[in-house]
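So you can see what is in the structure, the chains are spelled out below.
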Amino acid sequence: MPDLLAPGLDLVFCGTAPSPASFKARAYYANPGNAFWPTLHAVGLTPERLSPQRFPELVALGLGLTDLNKTEVGSDHELTPAAMDAQSLHAKLRRFRPAAIAFTSKNAASLALGIKTPAYGRHVELLEGAVAFVLASPSGRARSFWTLAPWKEAAAFVAERRRLRERAA
């Protein structure tokens, strides 16, 4: 899956790797059991519920997408640890300078932040100048750990940035 990145985005979502369903559909978070797209709309990050195939539209909303593993497909337990490229993510953050990064799983956050068990929500330490959020995984396989609260916190951050831009315009 190609990254969806541009300079100065409000928030970039980072997962571990595409699922087989996403890879086949050539669209992020395309598994029908994944709560990513309904959640974006539920917390106010998108004006309507987008289908996974509409992922390129996120850039116009100040949102981006990437993964730690750009060479494999599958669930975390199926992925090669060496293919998790946190250094590449750090380079992307330095290059594109988003205001925030939101990890769509604790595993992705752990690998990128170097924290064994990261807590959900906003973290105090910045990652390459970006505010870091750890979100509950939207995967259907992780439903027992689901909580909307960190998603709302990230959405409030984006909403405030949007309000400030509107006032400045």
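- In the annotation of an unreviewed UniProt entry, the entry for the protein reads Mismatch-specific DNA-glycosylase, and the organism field reads Reyranella humidisoli.

Topic: helix H4 (residues 106–113)
Then, in step 1: Along H4, the residues classified as buried are Ala108, Ala109, Ser110 and Ala112.
Then, in step 2: Buried residues along H4 sit against strand E1 (11–15), helix H3 (86–96), strand E3 (100–103) and strand E5 (131–134).
Then, in step 3: Among the residues trailing H4, glycine 114 stands out with phi positive, at a value near 70°.

Remarks on H3
Then, in step 1: Residues Ala86, Leu89, His90, Lys92, Leu93 and Phe96 constitute the buried set of H3. For H3, the angular spread of buried residues about the axis comes to 160°, placing them on one side. In this structure, H3 carries Gln87 and Arg95 as exposed residues pointing more than 90 degrees from its buried face.
Then, in step 2: Buried residues in H3 make contact with E1, strand E2 (63–67), E3 and H4.
Then, in step 3: Two residues or fewer past H3, arginine 97 is found with a positive phi of approximately 50°.

With respect to the environment of glutamate 78
Then, in step 1: Positionally, glutamate 78 belongs in the loop between E2 and H3.
Then, in step 2: Along the chain, glutamate 78 and isoleucine 115 lie 37 residues apart, while their C-alpha atoms are 21 Å from each other.
Then, in step 3: Engagement of the side chain of glutamate 78 in a polar contact is seen with the backbone nitrogen of serine 75, the distance being 2.7 Å.

A closer look at the side chain of threonine 39
Then, in step 1: Of note, threonine 39 is situated in helix H2 (residues 36–42).
Then, in step 2: In this structure threonine 39 touches Trp146, Leu148 and Trp151, once residues within four positions along its chain are discounted.

A short note on the packing of aromatic side chains
Then, in step 1: All told, the structure shown has nine aromatic pairs when counted by the stated rule.
Then, in step 2: With centroids separated by 5.4 Å and ring planes inclined at 70°, the aromatic side chains of tyrosine 28 and phenylalanine 55 adopt a geometry described as edge-to-face. Here the residue tyrosine 28 occupies a position in the loop between helix H1 (20–25) and H2, and phenylalanine 55 occupies one in the loop between H2 and E2, the gap between them amounting to 27 residues. Comparing tyrosine 28 with phenylalanine 55, the two get one shared label, buried.
Then, in step 3: Pairing phenylalanine 36 with tryptophan 37 gives two aromatic rings, centres 5.0 Å apart and planes at 85°, and the pair type is edge-to-face. Judged on exposure class, the residue phenylalanine 36 and its partner tryptophan 37 are both buried.
Then, in step 4: Three or more aromatic residues joined by ring pairs make a cluster, and in this case those are Phe13, Tyr28, Tyr29, Phe36, Trp37, Phe55, Trp146 and Trp151.
Then, in step 5: We note arginine 26 situated over the ring of phenylalanine 23; from NZ or CZ to the ring centre the distance is 4.2 Å.
Then, in step 6: Geometry around tyrosine 120 places lysine 106 over its ring, the cationic atom sitting 4.3 Å from the centre.

With respect to the UniProt feature "domain: Uracil-DNA glycosylase-like" (unreviewed entry) in the protein
Then, in step 1: In the numbering used here, UniProt assigns the "domain: Uracil-DNA glycosylase-like" (unreviewed entry) feature to residues 2–161.
Then, in step 2: Across residues 2–161 one finds 28% helix and 12% strand; the C-alpha atoms that close the span lie 26 Å apart.

Focus on the pattern of salt bridges
Then, in step 1: Summed over the entire model, instances satisfying the criterion amount to eight salt bridges.
Then, in step 2: Between arginine 54 and glutamate 48 there is a salt bridge, and its shortest N-O distance comes to 3.4 Å.
Then, in step 3: Residue classification places arginine 54 among the partly exposed residues on the basis of a relative accessible area of 27%.
Then, in step 4: We note a salt bridge from arginine 94 to glutamate 128, for which the minimum N-O separation is 3.1 Å. Placement of the pair is arginine 94 in helix H3 and glutamate 128 in the loop between strand E4 (121–122) and E5, with a sequence separation of 34 residues.
Then, in step 5: Salt bridges sharing partners connect three or more residues here, namely Asp3, Lys70 and Lys92.

Conventions used here
Residues numbered from 1 in each chain as written. Predicted model: local features only at pLDDT ≥ 70, side-chain atom pairs only at ≥ 80, totals over all residues. Heavy atoms only, no water. Buried < 20%, exposed > 50% of the residue type's maximum accessible area, 1.4 Å probe, protein only. Helix = DSSP H or I, 4+ residues; strand = E, 2+ residues; numbered from the N terminus. Contact = heavy atoms within 4.5 Å. Arc of directions from axis to C-beta. Polar contact = N/O pair within 3.5 Å; in protein donor to acceptor, adjacent residues only side chain to side chain. Phe/Tyr/Trp six-rings, centres within 6.5 Å; stacked < 30°, edge-to-face > 60°. Lys NZ or Arg CZ within 6 Å of the ring centre and 35° of its normal. UniProt positions renumbered as here; feature names shortened; annotations may be inferred. Salt bridge = Lys/Arg side-chain N within 4 Å of Asp/Glu carboxyl O.

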